[in-house]
Amino acid sequence: RVPQVQPRAEELSELYRELSQHPGLSTACLGPDLTTQYGGKYCSLYTEWSQRDLARAENIKFCRQYLIFHDGASIVYSGPAGTCSEIKDELLSRESPSGMLKAVLRKVPAQEKEKEKQFLEVWDQNRKVKSIDLTALDKHGSVYDDDQFGCLAWSHSETHLLYVAEKKRPKAESFFQSKAPELGTSDEDTGHPKKEDAPIKVGSPHPGSAGGWLCGCGADQTVPQGEQFVYHEDWGETLSTRSVPVLCVLDIEGNSISVLEGIPEHLSPGQAFWSPEDTGVVFVGWWHEPFRLGLRHCTNRRSALFYVDLTGGRCELLSEDTRAVWSPRLSPDGCRIVYLENNVLGPHQQCSQLRMYDWYTKHTSTVLEAVPRQAWGAFPGIYCGALPGMCWAADSRRILLDTAQRSQQDVFVVDTATGTTTSLTADSPQGSWSVLTIDRDLLVARFSTPSCPPMLKVAVLPAAGHEAQTQWICLQDAPPVPGISWGIRTLQPTPEQENPQYGGLDFDAILMRPSEGPAGQKPPLVVMPHGGPHSVFTAGWMLYPAALCRMGFAVLLVNYRGSLGFGQDSVASLPGNVGTQDVGDVQLCVERVLQEEMLDATRVALVGGSHGGFLACHLIGQFPDTYRACVVRNPVVNIASMVATTDIPDWCLTETGLPYKPEALPDPAQWTEMLHKSPIRYADQVRAPVLLMLGEDDRRVPPKQGLEYYRALKARGVPTRLLWYPGNNHALAGVEAEADGFMNMALWLLKHLQC
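Residues numbered from 1 in each chain as written. Predicted model: local features only at pLDDT ≥ 70, side-chain atom pairs only at ≥ 80, totals over all residues. Heavy atoms only, no water.

## Some details on the nonpolar core
Thought 1: Counting 57 residues, the largest nonpolar core has Leu-525, Val-527, Leu-556, Val-590, Ile-620, Val-690 and Tyr-709 as the members making the most contacts within it.
Thought 2: With 7 residues, helix H6 (residues 581-596) is the single largest residue contributor to this core.
Thought 3: Residues in contact with Val-527, not counting those within four places in the same chain, are Leu-556, Val-558, Val-586, Val-590, Val-604, Ala-605, Leu-606, Val-607 and Tyr-627.
Thought 4: Core analysis: the second largest hydrophobic core is formed by 44 residues, Ile-510, Trp-541, Cys-549 and Leu-749 among them. (Core = buried A, V, L, I, M, F, W, Y, C linked by side-chain atoms within 4.5 Å. Buried < 20%, exposed > 50% of the residue type's maximum accessible area, 1.4 Å probe, protein only. Helix = DSSP H or I, 4+ residues; strand = E, 2+ residues; numbered from the N terminus. Contact = heavy atoms within 4.5 Å.)

Quick look at the structure:
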């Protein structure tokens, strides 16, 4: 008898509504220590969460505060303070170093005949003390609120704020635009800045310097006719409004905003902060010549660490200029900067180096090298998109970070003087741990598992040498979702599947199973390979797999060779072998699980996005007898046709095993190789019904990829359906698109697996 998976759309929508209400924890900030009348110490903990609001079709943000009583060595008591409250229209916020002030970048929605505005606010502990209308000042374009370039940094003196914005673009005129007669030459008529608009400078320029370090770039400028439709490059997927970033400074007392000069024109600055003693600004600069490539999730773009002196406008290189760097963090004593570093080009995500720059000796050292092979009990290497914003311990010697360790994510403390590492979560429950912040050695983290939504954990970092004794306390619990069991299994490729250059590599899979249901009945299996391909499924909370499991499906999340968390050799083994090695790993995993688990081998489906969609399309073509249905989201289908339209053309050549040079055009043999490794070549063998979901604004894998596959399958009589989501990019992360995508995926699987 075939087990019944929940059949009705009403039940599915109610299930999705229930599970999608679990909030995600995004930010934490610790307030200053206060002393009780009895001599005890306590501080406040401010947290920000996000939650899907299906009725409003948007992600909402809300905050919640907690109190933590501690004695410096352990947490005595902790608990919530008050209820949650929604955060409206905040783009960025940052506490000042003393904790006495808070800066907020806020958007004000467009009113009739007006465009959206941005305000920079300063709050003290009792009220709003400043509100600056950035749009009205017109010194720059929109402020960047992304985590790629964006920042909101207080000076150590708490008198200035540093942020990144789009450079003001001069107004372009048509060849045929009528001009009003000039009736006067006052400042108001010409648009030139008035004398009182001159910027207030933090430091005086050196004698003879050209204009000092700041420039008030606010005057309306008109460019020559013919420039109205000039193409302006941008930084690709999710960064399509980012073209020419500039560093900006708000003088809080003087109410003036100025744009920093001295940045070389071939660089795009971001991730900036004030140098020790506020003498200048440290920033990451990305090369944008000869043209910009997509930057999101690409930690292999040429970039370096720079310092701009405020008094002389001198720009100094602090790191090597032939590498890719990001995520710089200044130590509490102002002596050292740690940052992450990768090779330029090659795989977009790699095992990174941890580097450290000494501010006073000007010496750069390598704290941690890339790890060739992961070994249990040893540090797995660094595979993170960024270091925590606050990552330094109070001793200015140790830092905290989280990283993938095979199919889980753990927290480590790193001694920057010796390079030794210690896991803070080795004896904790298995799952996915992330550092949110550390301040005065109070540590705040997020923890989740495939069956448990995110929860809030706090601890005191023990003294050096005793870190393994870290005691985690749950501050905000999240009850496990009933009906889901899970485990991690390790697989070894067969001798025929071994990589001749990187032999002996293994890989993992996370198997989620419905833990409830009639005894003896075999659930159907949904196979989900991740995208990237250099990414990883860690054993954390994921909405789609959890919902599928609650419906009665077993879900197999495959971390094939090439995934992060298994060592740099695993990453390096995949380029040149996409479409074979990764496909073989997934198929081997499916066959092994079907042999060893009580699963229905006649009802197996594939679900994947991006490179996961690439693998799903390969698998239904190469192994048509295994799979009965397929759902793909923005899949890579034809690498040869994608290379000319994507924001990451280097990915197409690198993963095919070919060298990438910006000035080189693929030759016929290279076009052939890209096509040979693409799933479109197996279209004739596909029999499984395919549901395609495409984001109209996808810059990474343009929707024409999915359209190409749709037409190929339709022409061959394969049951095919295509969903087109306007206003959505590669992630299809809009609340409405995500919810509709789940419903259509679930109904497609139910129909074609005959559940």
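## Notes on helix H1 (residues 9-20)
Thought 1: Over its 12 residues, H1 runs 16 Å from end to end, which matches the ideal 16 Å to within 8%, given 1.5 Å per residue.
Thought 2: Along H1, the residues that are buried comprise Leu-12, Leu-15, Tyr-16, Leu-19 and Ser-20. An end-on view of H1 places all buried positions within 120° of arc, on one side of the element. (Expected span 1.5 Å × (residues − 1). Arc of directions from axis to C-beta.)

## So, the sheet that holds strand E21 (residues 336-342)
Where strands meet in a sheet, backbone hydrogen bonds hold them as pairs that are either parallel or antiparallel.
Thought 1: Pairing is antiparallel across the open sheet formed by 4 strands, whose spatial order is E20-E21-E22-E23. Edge positions in the open sheet fall to strand E20 (324-330) and strand E23 (364-368), since each of these has one partner strand only. Averaged over all neighbouring strand pairs, the angle between strand axes comes to 30°, with direction disregarded. (Pairing = 2+ DSSP bridges. Axes fitted to C-alpha atoms, helices over the stretch in contact; angles between N-to-C directions.)

## Describing the packing of aromatic side chains
Thought 1: Counted according to the given criterion, the structure contains 15 aromatic pairs.
Thought 2: The interplanar angle of 70° and the centroid separation of 5.1 Å between the aromatic rings of Phe-149 and Trp-286 together place this pair among those described as edge-to-face. You can see Phe-149 sitting in the loop between helix H2 (134-137) and strand E11 (152-154) and its partner Trp-286 sitting in strand E17 (residues 280-287), a full 137 residues away along the chain.
Thought 3: Residue Trp-286 is classed as buried on the basis of its relative accessible area of 2%.
Thought 4: Ring geometry for Trp-287 against Phe-306: centres 6.0 Å apart, planes inclined by 45°, an arrangement best described as tilted. With Trp-287 in strand E17 and Phe-306 in strand E18 (residues 303-309), this pair connects stretches of sequence that are 19 residues apart.
Thought 5: Residue classification places Trp-287 among the buried positions, given a relative accessible area of 16%.
Thought 6: An aromatic cluster is built from Tyr-144, Phe-149, Trp-235 and Trp-286, whose rings are joined through pairwise contacts. (Phe/Tyr/Trp six-rings, centres within 6.5 Å; stacked < 30°, edge-to-face > 60°.)

## Quick notes on the UniProt feature "domain: Peptidase S9 prolyl oligopeptidase catalytic" (unreviewed entry) in the protein
Thought 1: Per the UniProt entry, the sites bearing "domain: Peptidase S9 prolyl oligopeptidase catalytic" (unreviewed entry) are residues 547-754 in this numbering.
Thought 2: The straight-line gap between the two end C-alpha atoms of residues 547-754 is 18 Å; of that span, 43% is helix and 14% is strand. (UniProt positions renumbered as here; feature names shortened; annotations may be inferred.)

## Side note on the packing of H1 against helix H4 (residues 543-551)
Between two packed helices, what matters for the description is the angle formed by their axes and the separation of those axes.
Thought 1: The interhelical angle for the contact between H1 and H4, taken along N-to-C directions, is 135°, at an axis separation of 10 Å. With respect to their mutual orientation, H1 and H4 come out oblique. The handedness of the crossing between H1 and H4 comes out as right-handed. Counting all contacts with H1, which are made through Leu-12, Leu-15, Tyr-16, Glu-18, Leu-19 and Ser-20, the residues of H4 involved are Leu-543, Tyr-544, Ala-546, Ala-547, Arg-550 and Met-551.
Thought 2: Looking at side-chain class alone, the contact of H1 with H4 contains 9 nonpolar, 1 polar and 2 charged residues. (Parallel < 35°, antiparallel > 145°, perpendicular 65-115°, else oblique. Left-handed = near helix turned anticlockwise from the far one by under 90°. Nonpolar A, V, L, I, M, F, W, Y, C, P; charged D, E, K, R; others polar.)

## Remarks on the sheet that holds strand E34 (residues 554-559)
Thought 1: As summarised here, the arrangement of the 8 strands in space is E31-E32-E34-E33-E35-E36-E37-E38, forming an open sheet in which the pairing is mixed. Lying at the two open borders of the sheet, with one neighbouring strand each, are strand E31 (484-491) and strand E38 (720-725). When strand polarity is set aside, the average angle formed by the axes of neighbouring strands in this sheet is 15°.
Thought 2: Here strand E33 (residues 525-529) runs beside strand E35 (residues 604-609); their pairing, made up of 3 bridges, is parallel. Paired with Val-526 across the two strands is Ala-605, which belongs to E35.
Thought 3: Against the sheet, helix H12 (residues 735-752) contacts E33, E35, strand E36 (629-633), strand E37 (690-695) and E38, and its axis sits at roughly 175° relative to E38.

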